[in-house]
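Breakdown of the fold
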Amino acid sequence: AQTVTQSQPEMSVQEAETVTLSCTYDTSENNYYLFWYKQPPSRQMILVIRQEAYKQQNATENRFSVNFQKAAKSFSLKISDSQLGDTAMYFCAFMSGTSYGKLTFGQGTILTVHP
Amino acid sequence: GAVVSQHPSWVICKSGTSVKIECRSLDFQATTMFWYRQFPKQSLMLMATSNEGSKATYEQGVEKDKFLINHASLTLSTLTVTSAHPEDSSFYICSARLGTSGQETQYFGPGTRLLVL
């Protein structure tokens, strides 16, 4: 079974600065997807970024980028130029290529952006 | 982007009554939908996988007779909490799988807050 670990229960950052959230996973599969979801106080889960395991290039979405280290099974999220609206709980998630869409979530990291 | 709606967003009911929650994929067809339960400041706990036209698959420890799931069409799945009790009070979230080749992703509804008195 796959496991996803987020070792940082809480993080904080000053507005406009950069922060990196950590995520490691364990799998014996070669075909899979990795995701970062954001859950703001409204509790709506929002897809931040996704990465296909077969792609070597790290995914980027505006201020959000990942550092995908397949051999190390690491998938960290970097948020640049942090904004107050980035305050949320962030979840790292794993999807096997054979799981028909089923996600395995990490424990989550609460990120607070301070003005 | 893919949009998933969930209704109602907030429900209060008396102990012993049943509550139905609807999950709809608005702009795509979803052969698979998922139902989660979440406690404050915790991760999402998968309850069941809902497949269109077939029986739902429940995770270990989830009572299928308690949490009835129906996936009658490619855009609608429902979760019915039967004979609800205060311990069923929680935040329930659905998601829909967009399984387009190369774009495999789950999109989430806004959630339903259930309070059982």
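Predicted, not measured: the structure shown is a model, and the values here were computed from it.

Observations regarding the overall build of chain B
Along chain B, the regular secondary structure elements total 0 helices and 11 strands. Scanning chain B from its N terminus toward the C terminus, one meets helices and strands in the order β-β-β-β-β-β-β-β-β-β-β. Taking 13 Å as the expected radius of gyration for a compact globule of 117 residues, we find that chain B reaches 14 Å, a close match to that expectation. On the principal axes, the C-alpha backbone points of chain B span a range of 45 × 30 × 25 Å. Burial analysis of chain B (117 residues in total) assigns 50% to the buried set. Long-range contacts, defined as pairs at least 24 residues apart, comprise 54% of the intrachain contacts of chain B with a sequence gap of at least 6. When the accessible area of chain B is evaluated, it comes to approximately 5600 Å², of which 52% is carbon and sulfur surface. Computed over 10 positive and 9 negative side-chain charges, the separation of the two mean positions in chain B equals 5 Å.

Examining the state of the cysteines
Summed over the entire model, instances satisfying the criterion amount to 2 disulfides over all chains. Here Cys23(A) connects covalently by a disulfide to Cys92(A), the sulfurs 2.0 Å from one another. Here the S-S torsion is close to -70°, and the disulfide linking Cys23(A) with Cys92(A) is therefore left-handed. Placement of the pair is Cys23(A) in the loop between strand 3 (19-21) and strand 4 (24-26) and Cys92(A) in strand 10 (residues 88-96), with a sequence separation of 69 residues. Sulfur-sulfur distance for the disulfide between Cys23(B) and Cys94(B) comes to 2.0 Å. Where Cys23(B) bonds to Cys94(B) through sulfur, the torsion about that S-S bond is close to 80°, and the disulfide is right-handed. Here Cys23(B), found in strand 3 (residues 19-25), pairs with Cys94(B), found in strand 9 (residues 90-98); they are 71 residues apart in sequence, far enough to count as distant.

Here's the deal with the packing of aromatic side chains
Enumeration according to the criterion identifies 14 aromatic pairs over all chains in this entry. Note on Phe105(A) and Tyr36(B): the rings are 5.8 Å apart at their centroids and 80° apart in plane angle, and the pair reads as edge-to-face. With Phe105(A) in strand 11 (residues 103-105) and Tyr36(B) in strand 4 (residues 32-38), this pair bridges two chains. Across the pair, exposure class does not vary: Phe105(A) and Tyr36(B) are buried alike. An aromatic cluster is built from Phe35(A), Tyr37(A), Phe91(A), Phe105(A), Tyr36(B) and Phe108(B), whose rings are joined through pairwise contacts. Here the guanidinium or amino end of Arg43(A) rests over the ring plane of Phe91(B), the centre of that ring lying 4.1 Å away.

A word on the interface of chain B and chain A
Across the boundary between the two partners, chain B contributes 25 residues, which contact 23 residues of chain A. Summed over both partners, the interface of chain B with chain A comes to about 1900 Å²; 54% of that surface belongs to carbon and sulfur atoms. For chain B, the biggest contributors to the area lost against chain A are Ser43(B), Glu104(B) and Phe108(B); these three give 26% of the whole. Counting the contacts that link chain B with chain A gives 1 salt bridge. A salt bridge links Lys102(A) to Glu59(B), with the nearest nitrogen and oxygen atoms 3.0 Å apart. Inspection of the region where chain B meets chain A yields 10 residue pairs in polar contact (both at pLDDT 80 or more). When residues of the side of chain B that touches chain A are traced back to their parent elements, those giving at least two are strand 4, strand 5 (44-51), strand 9 and strand 10 (105-108) of chain B. Per-class residue counts for the side of chain B that touches chain A are 11 nonpolar, 9 polar and 5 charged.

What counts as what
- Residues numbered from 1 in each chain as written.
- Chains lettered and ligands numbered in written order.
- Predicted model: local features only at pLDDT ≥ 70, side-chain atom pairs only at ≥ 80, totals over all residues.
- Heavy atoms only, no water.
- Helix = DSSP H or I, 4+ residues; strand = E, 2+ residues; numbered from the N terminus.
- Rg over C-alpha atoms; globule rule 2.2 N^0.38 Å.
- Buried < 20%, exposed > 50% of the residue type's maximum accessible area, 1.4 Å probe, protein only.
- Contact = heavy atoms within 4.5 Å.
- Areas by Shrake-Rupley, 256 points an atom, 1.4 Å probe, with all protein chains shown as cover.
- Lys, Arg positive; Asp, Glu negative; His and termini not counted.
- Charge placed at Lys NZ, Arg CZ, Asp CG, Glu CD.
- Disulfide = S-S within 2.5 Å.
- Phe/Tyr/Trp six-rings, centres within 6.5 Å; stacked < 30°, edge-to-face > 60°.
- Lys NZ or Arg CZ within 6 Å of the ring centre and 35° of its normal.
- Buried area = accessible area lost by both parts, 1.4 Å probe.
- Salt bridge = Lys/Arg side-chain N within 4 Å of Asp/Glu carboxyl O.
- Polar contact = N/O pair within 3.5 Å; in protein donor to acceptor, adjacent residues only side chain to side chain.
- Nonpolar A, V, L, I, M, F, W, Y, C, P; charged D, E, K, R; others polar.

Remember, this is a structural readout, not a statement about activity or role.
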